[in-house]
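As a plain string of letters, each chain reads:
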Amino acid sequence: MEYEDFINAVALRAKVSTDQAATLTRVTLETLANRISAGQAEDLAYQLPDGLDACLRTPLRREHATASFGLEEFVERVADRPDLDRALAGAGVRAVLTTLREAVTRDEFENAMAQLPNEFRQVIEPVGAGGGRRPGP
């Protein structure tokens, strides 16, 4: 998946502009990098396009252990960024995680989800729910 395809899918799912989608994507991936192991973040980053991969490799993250927090705090951390509209954080997290599932291999996505509480799975759109993918010709 290309950078623009990822951002466009997030914009469509979250019903925001592509500028807002880019910000939501960056902040959500950076927050995810704080929540999963460094190795898993690197594995996901390796499969993402240039421009998104760095969000998972950001140095703002790791002192040495992953922070353990649930979905509510995850969304709060995304919403706490000054360049983000608080009202969009929940929809943005859902859109980014759903699009991430489409952008990386199933195994890598499942490995990342295994490090998160089950409540994260509940916000991801079911496979085939439409969202960011456009029907083929």
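Residues numbered from 1 in each chain as written. Predicted model: local features only at pLDDT ≥ 70, side-chain atom pairs only at ≥ 80, totals over all residues. Heavy atoms only, no water.

## A closer look at helix H7 (residues 106–113)
What H7 keeps buried is the set Glu108, Phe109, Ala112 and Met113. One side of H7 carries all its buried residues, which in axial view fall inside an arc of 135°. H7 presents Arg106 and Asp107 as exposed residues on the side facing more than 90 degrees away from its buried surface. Turning to H7, the residues buried within the fold contact helix H3 (38–47), helix H6 (89–103) and helix H8 (119–122). (Buried < 20%, exposed > 50% of the residue type's maximum accessible area, 1.4 Å probe, protein only. Helix = DSSP H or I, 4+ residues; strand = E, 2+ residues; numbered from the N terminus. Arc of directions from axis to C-beta. Contact = heavy atoms within 4.5 Å.)

## A word on the packing of aromatic side chains
Geometry of an aromatic ring pair is reported as the spacing of the ring centres plus the angle between the planes. Tallied over the entire structure, the rule returns two aromatic pairs. On the numbers, 5.3 Å between centres and 90° between planes, the contact of Phe74 with Phe120 is edge-to-face. Placement of Phe74 in helix H5 (residues 71–79) and of Phe120 in helix H8 is noted, with a sequence separation of 46 residues between them. Accessibility classification places Phe74 together with Phe120 in one group, the buried group. Grouped by ring-pair contacts, the aromatic residues Phe69, Phe74 and Phe120 constitute a single cluster. Arg35 extends its terminal NZ or CZ atom over the ring of Phe69, reaching a point 5.7 Å from the ring centre. (Phe/Tyr/Trp six-rings, centres within 6.5 Å; stacked < 30°, edge-to-face > 60°. Lys NZ or Arg CZ within 6 Å of the ring centre and 35° of its normal.)

## Quick look at the nonpolar core
Ranked by size, the top nonpolar core spans 42 residues in total, and within it Phe6, Leu29, Leu32, Leu44, Leu48, Leu56 and Leu100 carry the most contacts. Elements with a minimum of two residues in this core: helix H1 (3–14), helix H2 (18–35), H3, helix H4 (53–56), H5, H6 and H7. No other element matches H6, which puts seven residues into this core. Those residues within four positions of Leu48 in sequence are excluded, and the remaining contacts are Phe6, Leu29, Asp53, Leu56, Leu100, Ala103 and Val104. (Core = buried A, V, L, I, M, F, W, Y, C linked by side-chain atoms within 4.5 Å.)

## A look at the packing of H1 against H2
Angle between the axes and distance between the axes: these two values describe a pair of packed helices. Running from amino to carboxyl end, H1 crosses H2 at an angle of 100°, the nearest separation of the two axes being 8 Å. When the axis of H1 is compared with that of H2, the two are roughly perpendicular. Note on element contacts: H2 touches H1 through Thr18, Ala21, Ala22, Leu24 and Thr25, opposite Tyr3, Phe6, Ile7, Asn8, Val10, Ala11 and Ala14. For the contact of H1 with H2, the class distribution of residues is nine nonpolar, three polar and no charged. (Axes fitted to C-alpha atoms, helices over the stretch in contact; angles between N-to-C directions. Parallel < 35°, antiparallel > 145°, perpendicular 65-115°, else oblique. Nonpolar A, V, L, I, M, F, W, Y, C, P; charged D, E, K, R; others polar.)

## A short note on the confidence of the model for the protein
The pLDDT averaged across the protein works out to 85; a share of 85% of its residues lies at or above 70. Averaged pLDDT values over the elements of the protein bottom out at 88 in H8 and peak at 96 in H1. Counting interchain partners and residues more than four positions distant, the pLDDT-below-50 stretch residues 61–65 has 14 contacts. A low-confidence stretch, residues 130–137 stays under pLDDT 50, and its non-local contacts, those more than four residues away or across chains, total eight contacts. (pLDDT = per-residue confidence, 0-100.)

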